[in-house]
Amino acid sequence: SAEEAAWVPYRERPDWADVTPIPQEEGPNPVVAIGYSDEFVDVMDYFRGIVASGEKSQRAIDITHEVIARNGASCTGWHWRWLCLQSTDANLLKELEYCDHLSTRYTKNYQLWYHRRLIVESIGISVAQREIKYLDGLLVDDSKNYHMWSHRQWLVRTYGLWDEDLALVNSLIRIDLRNNSAWNERYFIMTRGGTDMAHLLAAAGNEREYTSTYIEKAPDNESAWTYARALPSDPAMGVSPIAVLVPLATNILEAHSHNVHALSLMAEAAVEQIAMAAHSKEQEQAALLAISYYKKLIEVDPMRVRYWAWCLQNIPQPSKAA
């Protein structure tokens, strides 16, 4: 490119003559020396010189750009850039735009996302809406990116952007109802990042209804089943979270008799009933039901046949005293 053609080595730049370059220490007899390009060696030698002198200036910021452009995972490059930004009272909104540009190149780069978090944290709430909208666009294109979700969770929890987060999650699930990342984020929202289980309990009824519609659309969708199982039941009802889902599982099995998720839930519900039954006859009936479900699972789910066999062997025995 024209930019590359115009690039001048630091050793030939008059304004860098005061910096002493520091070569990389490879030891006296390197076994497998890495074949760095001359350009890379030049940039890194002068960058090490800047760091060694402790210089935090605009030109130090500029050379961190050169470092990051050649090695986006350079922890030292990103760290020194942040120290320089703090020392020079730089425009952090422009730095955020710089990160925007690099995010398309280094979407799964931890150092970039950590740097971005430092910037947003320093600017504060005034940039929160900009950030959440920016992430919305990225996650629609790359909805399984762990680094984006991690950054988003920090942002949502820090600035209380729960409604904005839920809007994206609803959209992602509509696009792909098997998106396990979106279902995981939904649980994060409903529990307020794991800090408010009462909020989840209050929302559980509506969430169970919401999830049931997606299970009915795709009965083999493990993500939705897992989310449904995680929803608590109202303690006042005296019914377990598993038992609450029995009507749904029953309906699914009427149309899909080999559905592993529904069968396993019914088996667990039967095992629960053994412990809850007041009389031995009821316990025996529940045990027979559990046995039938686990035998069916062994038949239709060969991938986990040993696990289902183990479950079958460990069905509680009815109490003779009951």
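Residues numbered from 1 in each chain as written. Predicted model: local features only at pLDDT ≥ 70, side-chain atom pairs only at ≥ 80, totals over all residues. Heavy atoms only, no water.

Trainee: Teacher, can you tell me more about the pattern of salt bridges here?
Mentor: Between side chains of opposite charge, pairing is possible as soon as their charged atoms come close. The final tally for this structure, using the stated rule, is 16 salt bridges. Among the salt bridges present, the one from Asp 100 reaches Arg 116, with a minimum N-O distance of 2.6 Å. Pair noted here: Asp 100 is in helix α5 (residues 92–103) and Arg 116 is in helix α6 (residues 110–123), with a separation of 16 residues, a long-range link. A residue is classified by how much of its surface remains accessible, and Arg 116, at 0% relative accessible area, is buried. The residue Arg 152 makes a salt bridge to Asp 136 at a minimum N-O spacing of 2.9 Å. Taken together, the residues Arg 152 in helix α8 (residues 146–159) and Asp 136 in helix α7 (residues 128–141) connect sequence positions 16 residues apart. Given the relative accessible area of 22%, Asp 136 is considered partly exposed. Bridged by salt links that share partners, the residues Asp 100, Arg 116, Arg 130 and Glu 131 form one connected network. (Salt bridge = Lys/Arg side-chain N within 4 Å of Asp/Glu carboxyl O. Helix = DSSP H or I, 4+ residues; strand = E, 2+ residues; numbered from the N terminus. Buried < 20%, exposed > 50% of the residue type's maximum accessible area, 1.4 Å probe, protein only.)

Trainee: What should I look at first to understand the packing of helix α16 (residues 280–300) against helix α17 (residues 305–313) in this one?
Mentor: A pair of packed helices is captured by two measures, namely the crossing angle of their axes and the spacing between those axes. Viewed as axis vectors pointing N to C, α16 and α17 meet at an angle of 165°, and their least axial separation amounts to 9 Å. When the axes of α16 and α17 are compared, the pair comes out roughly antiparallel. Here α16 runs over α17; the crossing is left-handed. In contact with Ile 291, Tyr 294, Lys 295, Leu 297 and Ile 298 of α16, α17 contributes Val 305, Trp 308, Ala 309, Cys 311 and Leu 312. Residues of the contact of α16 with α17, tallied by class, amount to nine nonpolar, no polar and one charged. (Axes fitted to C-alpha atoms, helices over the stretch in contact; angles between N-to-C directions. Parallel < 35°, antiparallel > 145°, perpendicular 65-115°, else oblique. Left-handed = near helix turned anticlockwise from the far one by under 90°. Contact = heavy atoms within 4.5 Å. Nonpolar A, V, L, I, M, F, W, Y, C, P; charged D, E, K, R; others polar.)

Trainee: What's the story with the state of the cysteines in this structure? I'm lost.
Mentor: Two cysteines joined by a covalent bond between their sulfur atoms form a disulfide. Evaluated as defined, the whole model comprises zero disulfides. In this structure Cys 75 is a free cysteine whose sulfur lies 15 Å from that of Cys 99, the closest cysteine sulfur available. (Disulfide = S-S within 2.5 Å.)

Trainee: Explain the packing of helix α4 (residues 75–88) against α6 to me, please; I cannot follow it from the model alone.
Mentor: Where α4 contacts α6, the two axes come as close as 10 Å, and the packing angle between them is 15°. Taken as axis vectors, α4 and α6 run roughly parallel relative to one another. Once α4 is placed against α6, the crossing between them reads as right-handed. Along its contact with α4, which presents Cys 75, Trp 78, Arg 81, Trp 82 and Leu 85, the element α6 presents Gln 111, Leu 112, His 115, Leu 118, Ile 119 and Ser 122.

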